[in-house]
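Examination of the molecular architecture
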Amino acid sequence: MNTKLWKRLLCLTMAAVMLLAMGACGDASSAESAAPAASSAESAAPAASSAAEVQEEPAQEPAVEESAAEPAASTEEPVAADDLKAKWASLSGKTLRVATSGVQAGWSQDDGNGSIEGMDVDVMTYICDYYGINLEWVVADPTGIWGMLQSDEVDTIACVTTVNEDRLASYWFTNTYAWESYSIVSRTEDGVPEAGDLDFWDGKTICTPAGSNPALILEDIIAQEAEKGITINAVYPDSSAVLIQNVVSKETDAALMVTSTCAYKVRDLGYTDTLTIQDIQWKDMPIVYAWGRKDENKDIILAFNDLIAQMHEDGTLSQFSNKWFEMDITPVPEGKDNFVTTTGDNAWQSYEN
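Below is a summary of the structure that appears in this document.

Reading the values: rules and limits
- Residues numbered from 1 in each chain as written.
- Predicted model: local features only at pLDDT ≥ 70, side-chain atom pairs only at ≥ 80, totals over all residues.
- Heavy atoms only, no water.
- Helix = DSSP H or I, 4+ residues; strand = E, 2+ residues; numbered from the N terminus.
- Contact = heavy atoms within 4.5 Å.
- Areas by Shrake-Rupley, 256 points an atom, 1.4 Å probe, with all protein chains shown as cover.
- Buried < 20%, exposed > 50% of the residue type's maximum accessible area, 1.4 Å probe, protein only.
- Polar contact = N/O pair within 3.5 Å; in protein donor to acceptor, adjacent residues only side chain to side chain.
- Salt bridge = Lys/Arg side-chain N within 4 Å of Asp/Glu carboxyl O.
- Axes fitted to C-alpha atoms, helices over the stretch in contact; angles between N-to-C directions.
- Parallel < 35°, antiparallel > 145°, perpendicular 65-115°, else oblique.
- Left-handed = near helix turned anticlockwise from the far one by under 90°.
- Nonpolar A, V, L, I, M, F, W, Y, C, P; charged D, E, K, R; others polar.
- Pairing = 2+ DSSP bridges.
- Core = buried A, V, L, I, M, F, W, Y, C linked by side-chain atoms within 4.5 Å.
- Phe/Tyr/Trp six-rings, centres within 6.5 Å; stacked < 30°, edge-to-face > 60°.
- Lys NZ or Arg CZ within 6 Å of the ring centre and 35° of its normal.
- Expected span 1.5 Å × (residues − 1).

**Observations concerning the overall build of the protein**
- Counting its regular elements, the protein contains 12 helices and 15 strands.
- When contacts within the protein are restricted to residue pairs at least 6 apart in sequence, long-range pairs at least 24 apart make up 78% of them.
- Counting only carbon and sulfur atoms, one obtains 52% of the accessible surface of the protein, whose full area is about 18700 Å².

Set out below in structure tokens:
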């Protein structure tokens, strides 16, 4: 009887041991299955030091998703830039011959070391560097650079280039990268004319460079004022570099210049107290790049338009303008378009493509 009792007790003991072993195995399996979840949390956040920290993983999920989205947002702009480069990859390695005068203060001027500097130089250099274009500057007399473009000696002009009726009928143009106006600089001692008052110049002599767009403007002003009985005399030197000195030395009463150049030159030469600048309120002048009417120029004009738009948007053009003129002349004036419309035979509007 005692033997049977001991056998039963032994069986019960063994069964209890087996149940405990099975429970232990179940705990181990649970721990192993939980390990991947802990590993996942570690990949998205610092390692959990306790079970409680691992359990907080669901609360971390929104932050993890937000963090994952950040790289896509931060790389969106560079990707667009890369797309632009890829779009015009065919321009890389090409050589662009660019005519400039080297005498247009603030736009294209001698840097004192035999090279040129200015806003036109900065903008053109930026565009060519961006697309991998080899840039070849051709410094020439401003009265002859349009003839060089016409005869295919150069590909384009970077010299505060604007348009007139003849140019619109003969060339293609990029969209605008700046806007200019006209001013007349004169000696303060002779009186300070009010803005827009052209009658003030009756009987006086104004100078402006020969063969330039300001020369055409001065001719228009003279013709307009003549209808009112006002006589304005004109002198046309070969270079814009002498305009301020002509006024200071009293060779002429005044000089007609683009506003930014006028302000730059007066400040740079130290004549702020002795010279006055009159806004003649004539008209806004689009600053563009001109090209010959050849089909092979169409792609580079479109590529320039694309990058000019990007430079307007990211502020690059404004930075160049403030650097040289301490004013921003790049925004499109109210009521104006950022493009010019060519005329005549073989007219082509790049902004329509």
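Read on for the rest.
**What about the side chain of serine 260?**
- With respect to the helices, strands and loops of the structure, serine 260 is situated in helix 10 (residues 259-268).
- Overall, the relative accessible area of 1% leaves serine 260 in the buried class.
- For serine 260, the side chain forms a polar contact with the side chain of tryptophan 107, separated by 3.0 Å.
- Beyond its immediate chain neighbours, meaning those up to four positions away, serine 260 contacts Trp107, Glu180, Phe325 and Ile329.

**Topic: the pattern of salt bridges**
- Enumeration according to the criterion identifies 13 salt bridges in this entry.
- Put simply, aspartate 253 and arginine 187 hold a salt bridge, and the shortest N to O gap is 3.5 Å. Here aspartate 253, found in the loop between helix 9 (243-248) and strand 12 (254-258), pairs with arginine 187, found in strand 9 (residues 182-187); they are 66 residues apart in sequence, far enough to count as distant.
- With a relative accessible area of 23%, aspartate 253 lands in the partly exposed category.
- You can call arginine 187 buried: its relative accessible area is 8%.

**Quick notes on the packing of helix 5 (residues 119-131) against helix 11 (residues 298-314)**
- Interhelical geometry of helix 5 versus helix 11 gives an angle of 115° and a closest axis separation of 11 Å. The orientation of helix 5 with respect to helix 11, classified from their angle, is roughly perpendicular. At the point where helix 5 passes helix 11, the crossing takes the right-handed sense. Along the contact surface, helix 5 presents Val123, Met124, Tyr126, Ile127, Tyr130 and Tyr131, while helix 11 presents Ala303, Phe304, Asp306, Leu307, Ile308, Gln310, Met311 and Asp314.
- Considering only residue class, the contact of helix 5 with helix 11 consists of 11 nonpolar, one polar and two charged.

**Here we look at the sheet that holds strand 2 (residues 103-104)**
- The three strands are arranged 2-3-4 in an open sheet whose pairing can be described as antiparallel. Taken across any chain shown, the strands that pair with only one partner, and hence form the sheet edges, are strand 2 and strand 4 (116-117).
- In this sheet, strand 3 (residues 108-110) lies alongside strand 2 in antiparallel orientation, the contact comprising two bridges. In the strand pairing of strand 3, glutamine 104 is matched with serine 108.

**Quick word on the nonpolar core**
- By size, the foremost hydrophobic cluster in this structure holds 53 residues, and its most contacted members are Trp107 and Tyr131.
- Elements supplying a minimum of two residues to this core: strand 1 (95-100), helix 5, strand 9, helix 8 (213-226), strand 12, strand 14 (285-287), helix 11 and helix 12 (316-325).
- Examining the composition of this core, we find that eight residues originate from one element, helix 11, more than from any other.

**Some words on the packing of aromatic side chains**
- For the structure on display, the rule yields 11 aromatic pairs.
- Ring geometry for phenylalanine 339 and tyrosine 351: centres 3.6 Å apart, planes at 25°, overall stacked. Taken together, the positions of phenylalanine 339 in the segment after helix 12 and tyrosine 351 in the segment after helix 12 put the pair 12 residues apart, joining distant regions of the chain.
- Classification of phenylalanine 339 as partly exposed rests on a relative accessible area of 24%.
- Taken together, the aromatic side chains of Tyr177, Tyr289, Trp291 and Phe304 make up a single cluster linked through ring pairs.
- The side chain of lysine 85 reaches across the aromatic face of tyrosine 130, ending 4.8 Å from its centre.
- Lying across the ring of phenylalanine 200, lysine 204 places its NZ or CZ 4.8 Å from the centre.

**Quick word on the sheet that holds strand 12**
- Read from one edge of the open sheet, five strands run 11-10-12-9-13, paired in mixed fashion. A strand with exactly one partner marks an edge of an open sheet, and here the two such strands are strand 11 (233-235) and strand 13 (275-279). Across the sheet, the mean angle from the axis of one strand to that of its neighbour is 30°, orientation sign disregarded.
- In terms of strand pairing, strand 10 (residues 205-207) meets strand 12 through two bridges, oriented parallel. Bridging across to strand 12, isoleucine 206 finds its partner in alanine 254.
- Sheet strands in contact with helix 10 are strand 9, strand 12 and strand 13, and its direction is about 120° off that of strand 12.

**Concerning the pairing of strand 1**
- With six bridges connecting them, strand 1 and strand 5 (residues 134-139) associate as parallel partners. Opposite leucine 96, over in strand 5, you have leucine 135 as the bridge partner.
- Direction of pairing for strand 1 relative to strand 6 (residues 156-157): parallel, over a ladder of two bridges. What sits directly across from valine 98, in strand 6, is threonine 156.

**Examining helix 8**
- The terminal C-alpha atoms of helix 8 lie 20 Å apart, and with 14 residues this matches the ideal 20 Å at 1.5 Å per residue to within 8%.
- Residues of helix 8 that are buried include every one of Asn213, Pro214, Ala215, Ile217, Leu218, Ile221 and Glu225, and no others.
- Tucked inside the fold, the buried residues of helix 8 contact helix 7 (165-168), strand 9, strand 10, strand 11, strand 12 and strand 14.

**Overview of the environment of glutamine 349**
- Within the secondary structure, glutamine 349 is located in the segment after helix 12.
- Along the backbone, glutamine 349 and phenylalanine 339 are 10 residues apart, and their C-alpha atoms lie at a distance of 8.7 Å.
- Setting aside residues up to four positions removed in sequence, glutamine 349 forms contacts with Val340, Thr341 and Thr342.

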